[in-house]
Amino acid sequence: MTNADTNGSKKGQKLVVIGGVAGGASFAARARRLDESAEILMLQSGPDVSFASCGMPYFIGGEITDRNQMAVQTPTSLRKRFNIDVRVNTRVTKIDTEAKLVTAIDETQPNSTTTHSYDQLVLAVGSEPLKPPIPGIDRPGLFALRNLQDMDAIVSWIAALPTKCDTCSGYESRMHAVVAGAGFVGLEMVEQLQRRGLKVTVVEMLPQVLGPLDVEMAAIIEEDMKRRGVNIVTGDAIQEFLPNNGDDKDDPSTIVKLRSGRMLPPAQITILGMGVRPDTKVVKEAGIECSGRGNHIVVDDYLRTNKADVWAAGDAILVRNPIVGNDDMWAVPLAGPANRQGRMIADNVYGMNRKFKGTYAASVVRVFDLVAACVGMNEKMLAAKNIAYEAVHVHPGSHAGYFPGAKSVNFKLIFSPDDGKILGAQAVGEDGVEKRIDVISTAIQGGLSVEDLAELELCYAPPVGSAKDPVNIAGMAATNICDGLVVQIQFQELQNAASTPGTVVLDVRIASEVDKNGALIDEAINIPLNDLRSRMDEIPSNAKRVEVSCASGQRAYYATRILKQSGRFEQVQNLAGAFKTYDKVRNRLPN
């Protein structure tokens, strides 16, 4: 391993960074720690160089109250601590990779142009909000959220709103917000706008919120949001933004018209969270290779571009998908990978030759009292790539059931049935969600299998865990499938299977559970697990195939083993996720 302190030939270079925030600031700080003699110049559009972009919704909602905390570093602090020359309000307009020159303008003095030479150039240009050409998208009261100036503008706009809408005739007088896009930031804004007292509608073109989750996991979040009074519109898109009463001076409210023809109630503020795209126009013009679709910067394993001495990090780059392998690439705009990439580029500039292995897309979001987290591939992604997979759903408690306060962890593990390779995981719940996904992320990166998950030794004490952690339980369920001890039927297949001659659907919950929570399906036979051995004759004698369910899956697995070993049935299958999962999505399934 090369030691940067002994690699004198790399010292004293002029390092120019375009962009700060995560990747750029991490590079600059690491480069200074490696080389006191380097000249480091950072060029940043806008007045802020390193700020808490992920915290902006929480400042808008009032959970973060100190505006000064939103600036992680300032030009002054970077200059004093790291001797970095930071030029804010400086927008790069041209990159000449042959002459090794960067041209920029001062945004406060548009006619002023400066040119900077470099020995090494780092592109941390980031992404910008998507702003599709929707009629009316430039109306007052419509905001994207990219930087602290956007954040401040939203806070000021909300502060100036009256307590009720006097011009919203025929509608609820409570102030109304529309959030366009139900991704992570969109749902954070839903929560925070409601916290500010607004009635909130969220509009999502996809058939579900939180696209990185599969539909049955996202449904848990949707159900909770609806219970809290959030109006959710999925499977529809915004067609036009219209004035409410035709006069923005007296009433800046906006009517959102959807493609379906539906008109939403007047909105006094609209947040545009329709996704992001890489801010790579100047990069492409410089001849630096970008992807044909999406315009992300193409880098090699060392984060080098196709131009000598030009590197790139952060939201704007394509990275390896190490789960799929085979040079599969994807774009993952997350702060954690961007920070690590910036640090790694500094190491590589100084000859350490560190490979970036790719990004696993470990993500988490809090939506009211629920937390949703995921890592790796979801079913939609795997199906699109024709990768064979199985998925198990388990619903254990966040800690020992006998200790007060345990919450259900709705956990989904996706894996290869051939070798038990872990392909992805998702979890939703009130407590203990993200730490389980962190374990899975670590396991994937370490090359562990589902059998390894079953054997993991994890911390346990009744207030914080269980002797069988949810990760262990999911690993055991998946291992049972790999070992052929159980065969699953997915919730999408249940209704069709029930109508197939010779198939019986068996619900092994106790009668009081069925009365309280409802039947699985009308055709189901109810025999509680503890009675199954003595009442097996109640299953029709012509049944060749039995589909078994309970509340969360454990009892159904026990029943499946009993029935399979009885030898009476050609096929016995366990309903994946059992009643808890099926009940969340039954209304979404085709009739």
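My aim in this report is to walk through the structure given alongside it, one point at a time. (Residues numbered from 1 in each chain as written. Predicted model: local features only at pLDDT ≥ 70, side-chain atom pairs only at ≥ 80, totals over all residues. Heavy atoms only, no water.)

Quick look at the layout of surface pockets now. A probe as big as a water molecule, rolled over the atoms, marks out the empty space that is left. Quantified by volume, the second largest pocket comes out at close to 580 Å³. Together, 25 residues line the second largest pocket, and Val394, Ile473, Ala477, Gly553 and Gln554 are the ones closest to its centre. Residue assignment for the lining of the second largest pocket shows that the elements contributing at least two residues are β24 (390-394), α12 (470-482), α16 (554-566) and β31 (571-575). Per element, the largest residue contribution to the lining of the second largest pocket is 5 residues, and it comes from α12. Tallied by class, the residues present in the lining of the second largest pocket amount to 12 nonpolar, 12 polar and 1 charged. (1 Å grid on protein atoms, 1.4 Å probe; cavity = no way out; pocket = protein on both sides within 12 Å on 5 of 7 lines; lining within 4 Å. Points joined across faces, edges and corners; volume = space filled by probe spheres on them. Helix = DSSP H or I, 4+ residues; strand = E, 2+ residues; numbered from the N terminus. Nonpolar A, V, L, I, M, F, W, Y, C, P; charged D, E, K, R; others polar.)

On the surface, a cluster of negative charge is made up of Glu430, Asp431, Glu434 and Asp438. Checked against the element boundaries, Asp431 lands in the loop between β26 (422-429) and α10 (433-445). Residue class for Asp431 comes out partly exposed when judged on its relative accessible area of 36%. (Patch = residues over 30% accessible without salt bridge, like charges linked within 9 Å, V, L, I, M, F, W, Y side chains within 5 Å. Areas by Shrake-Rupley, 256 points an atom, 1.4 Å probe, with all protein chains shown as cover. Salt bridge = Lys/Arg side-chain N within 4 Å of Asp/Glu carboxyl O. Lys, Arg positive; Asp, Glu negative; His and termini not counted. Charge placed at Lys NZ, Arg CZ, Asp CG, Glu CD. Buried < 20%, exposed > 50% of the residue type's maximum accessible area, 1.4 Å probe, protein only.)

Quick look at α10 now. In this model α10 runs 19 Å from its N-terminal to its C-terminal C-alpha over 13 residues, within 8% of the 18 Å that 1.5 Å per residue would give. Taken residue by residue, α10 has Val433, Arg436, Ile437, Ile440, Ser441, Ala443 and Ile444 as its buried positions. For α10, the buried positions fall inside an angular range of 160° around the axis, keeping them on one side. Tucked into the core, α10 has its buried residues touching β23 (370-376), β25 (409-415), β26, α11 (450-455) and α12. Where α10 terminates, the next one or two residues include Gly447, which has phi positive at roughly 75°. (Expected span 1.5 Å × (residues − 1). Arc of directions from axis to C-beta. Contact = heavy atoms within 4.5 Å.)

A word on the pattern of salt bridges. Using the criterion set out here, one finds 33 salt bridges in the structure. Between Asp327 and Arg320 there is a salt bridge; the shortest N-O distance is 2.7 Å. The class for Asp327 is exposed, based on a relative accessible area of 56%. Taking the shortest distance from any N to any O, the salt bridge between Glu379 and Lys412 comes out at 2.5 Å. On the criterion of sequence distance, the pair formed by Glu379 in helix α9 (residues 379-384) and Lys412 in strand β25 is long-range, its members being 33 residues apart. Comparing Glu379 with Lys412 shows no difference in burial state: the two are buried. Through salt bridges that share partners, Asp214, Glu216, Glu379, Lys380 and Lys412 make up one connected network.

Glancing now at the sheet that holds strand β8 (residues 109-117). Spatially, 3 strands are ordered β6-β7-β8 in an open sheet, and the strand pairing comes out antiparallel. Both edges of this open sheet fall to β6 (90-96) and β8, since each of them pairs with a single strand only. Averaged over all pairs of adjacent strands, the angle between strand axes in this sheet comes to 25°, irrespective of strand direction. Here 6 bridges tie β6 to strand β7 (residues 101-106), and the two strands are oriented antiparallel to one another. Across the sheet, residue Ile95 finds its bridge partner in β7, namely Val102. (Pairing = 2+ DSSP bridges. Axes fitted to C-alpha atoms, helices over the stretch in contact; angles between N-to-C directions.)

Time to look at the environment of Gly273. On the secondary structure map, Gly273 appears in the loop between β17 (269-272) and β18 (276-278). Beyond its immediate chain neighbours, meaning those up to four positions away, Gly273 contacts Ala180 and Gly181.

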